[in-house]
Amino acid sequence: MPITWVKALNAYLYHADLRKYGRASQFPEFFNREIAGDRNSTVAFETLYQQTAQENMARFFEVVYWKLYSQPSRREKATNRIVDFVQNNVTKPEELWDTIRRFLDNPTIWNLNQIRNLLGIKTNVLAVPLTLCALADPHKFPMIDNQVADWVNSNASAHNDKRKNKLSVFKKKYTSIRDDDFSSYLDWIEWCREVAQILTKLTEREWRARDVEMAVFTAQRNGMMLNVLP
C-alpha cells in the first residue's frame, strides 16, 4: 500500500534557478545555484539553509525566492519587498532565526506574527513565513500551500480513517492561505508527523513531515492517487 506514497515522493519536482533573481549580484556567494528540484537537491538546499542562515540574511532571501519561484509574475517583486524591508530595518539573521525557532517550539499565530513583522509582511498569509519554518525543521514541520490545501479538502475524509490525528478542511477564503486556516495548518502538521512515522515503518526508509507533504504536493499537482495507510 505505501508504494503510491513512494512513487509520489520519488516524482517530487520543484525546480528553481536562484540565479534568475534580478538582484542576485548584490549578494556575493548567494543566489548562485540552480536547484534541480528532486528530493535530494531540495534536501541539500534545506540543509544549507539550516547550517548557514543564522549568520547570513541572504539565505532567508533565497528561501523566499525559492518558495515564490513557481509564480514568475510576482516572485521578483515579493522578494524585493522583503529584502528592502529587512535591509532598511537592519534586521539581524540571528534575530530572525531565533524568532523562527520560537515558532517551532510553540507554533502560535502570535509567534508567526513575529516572523512576519521581521520580514515586513503586512497581510496574514501563511505560506512564505511558514516555509522558513518548515525548511528549518523539515523532520517535524511540513510546508503549506494551495496545492496541499486542495488535496486535504478533497481527501481528508478518506485519509482520516485509522489516523489518531485528523485533517481538517481549509476554508480557503482568499487566493492565499491565511490566518483563518491556521488551525487546519496545525492539524496538517500533526497528521504529517503521524503519517511519516507509519511510512517509515512500512518502507524501511526515514520519512519526515516534509516528505509526506512533498508526496501530497506531487500527488495533487500530477493527479496521482495516494493509498489510505493502515
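You'll find the structure just up there.
Residues numbered from 1 in each chain as written. Predicted model: local features only at pLDDT ≥ 70, side-chain atom pairs only at ≥ 80, totals over all residues. Heavy atoms only, no water.

Draft legend 1. Focus on the packing of aromatic side chains. The tally for this structure, following the rule as stated, stands at 19 aromatic pairs. In textbook terms, an aromatic cluster arises when at least three aromatic residues are bridged by ring pairs, as seen for Y21, F27, F31, F61, Y65 and Y69. The residue whose ring lies beneath R75 is Y69, and the NZ or CZ to ring-centre distance is 4.1 Å. Stacked on the ring of F141, the Lys or Arg R193 has its end atom at 4.8 Å from the ring centre. (Phe/Tyr/Trp six-rings, centres within 6.5 Å; stacked < 30°, edge-to-face > 60°. Lys NZ or Arg CZ within 6 Å of the ring centre and 35° of its normal.)

Draft legend 2. The arrangement of the pattern of salt bridges in detail. In the structure shown here, the tally under the stated rule is 14 salt bridges. For D84, the salt bridge is made with R23, and the minimal N-O distance between the two is 2.9 Å. Taken together, the residues D84 in helix α4 (residues 75–88) and R23 in the loop between β1 (16–17) and β2 (34–35) connect sequence positions 61 residues apart. Residue D84 is classed as partly exposed on the basis of its relative accessible area, which comes to 32%. Residue classification places R23 among the buried residues on the basis of a relative accessible area of 16%. Where E190 meets R193, a salt bridge forms, and the shortest distance between an N and an O atom there is 3.3 Å. Here E190 and its partner R193 are both found in helix α9 (residues 182–203), three residues apart, which amounts to about one turn of the helix. Look at R193 and you get partly exposed, because its relative accessible area is 25%. One continuous salt-bridge network, built from bridges that share partners, spans R39, E46, R208, R210, D211 and E213. (Salt bridge = Lys/Arg side-chain N within 4 Å of Asp/Glu carboxyl O. Helix = DSSP H or I, 4+ residues; strand = E, 2+ residues; numbered from the N terminus. Buried < 20%, exposed > 50% of the residue type's maximum accessible area, 1.4 Å probe, protein only.)

Draft legend 3. Representation of the environment of V152. Take V152: it is sitting in helix α8 (residues 146–159). We classify V152 as buried; its relative accessible area is 0%. On a C-alpha basis, the gap between V152 and L167 in space is 7.0 Å, while along the polypeptide they are 15 residues apart. Residue contacts for V152: discarding those within four places in its chain leaves L167, S168, F170 and W188. (Contact = heavy atoms within 4.5 Å.)

Worth remembering: the numbers are spatial, not functional.
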